[in-house]
Amino acid sequence: MKCELCGAQAAVARKTTKSFGRGDSLVVIEDIPIIHCSNCHESYLTAGTAREIDRIRKNRSRRGKPKRVLVASFTKSAA
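First, a word on what this report is: a plain description of the structure on this page.

What follows is about the pairing of strand S1 (residues 11–20). Bridge count between S1 and strand S2 (residues 27–37): nine bridges; the pairing is antiparallel. If you follow Lys 15 over to S2, its bridge partner there is Pro 33. In this antiparallel pair of consecutive strands, S1 and S2, the connection spans six residues, and Gly 21 shows a positive phi of 80°.

So, on to the pairing of S2. Looking at chain direction, S2 and strand S3 (residues 43–44) are connected through two bridges and run antiparallel. Looking at the pairing, His 36 lines up with Ser 43 of S3. The hairpin turn running from S2 into S3, its antiparallel successor, is five residues long, and His 41 in that turn takes a positive phi close to 65°.

What follows concerns helix H1 (residues 47–58). With twelve residues, H1 extends 17 Å from end C-alpha to end C-alpha; this agrees with the ideal 16 Å at 1.5 Å per step. Here H1 has its buried residues at Thr 49, Ile 53 and Ile 56. Projected down its long axis, H1 shows its buried positions confined to an angular sector of 65°, all on one face. Residues of H1 that are exposed and point more than 90 degrees away from the buried face comprise Arg 51 and Lys 58.

A separate point is the environment of Pro 66. Counting through the fold element by element, Pro 66 comes out in the segment after helix H2 (60–63). Its relative accessible area of 84% is what places Pro 66 among the exposed residues. Sequence separation between Pro 66 and Tyr 44 is 22 residues, and the spatial gap between their C-alpha atoms is 28 Å.

The next thing to look at is the pattern of salt bridges. Under the definition given, this model contains two salt bridges. We note a salt bridge from Glu 52 to Arg 55, for which the minimum N-O separation is 2.9 Å. Residue Glu 52 and its partner Arg 55 are located together in helix H1, separated by three residues, close to a single helical turn.

The rules behind each value
- Residues numbered from 1 in each chain as written.
- Predicted model: local features only at pLDDT ≥ 70, side-chain atom pairs only at ≥ 80, totals over all residues.
- Heavy atoms only, no water.
- Pairing = 2+ DSSP bridges.
- Helix = DSSP H or I, 4+ residues; strand = E, 2+ residues; numbered from the N terminus.
- Expected span 1.5 Å × (residues − 1).
- Buried < 20%, exposed > 50% of the residue type's maximum accessible area, 1.4 Å probe, protein only.
- Arc of directions from axis to C-beta.
- Salt bridge = Lys/Arg side-chain N within 4 Å of Asp/Glu carboxyl O.

Keep in mind these values describe shape, not function.
Next comes the structure, spelled out in structure tokens:
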């Protein structure tokens, strides 16, 4: 697949999980298709994928299902 950023024939479709928002508005979306280029090492979304993410975020209570998730806070340890 051709990378839309650098033009190399080195792009592949992958799936990823991302979180959006925080607190009560937090939503985690799994299996998001991204395009990753092994030449320029950039990853990007198609316009259609970005629109679908927006749709899911706006309708998260109807589109999502509750799951228990372990959440940890980052704390820098003394070295």
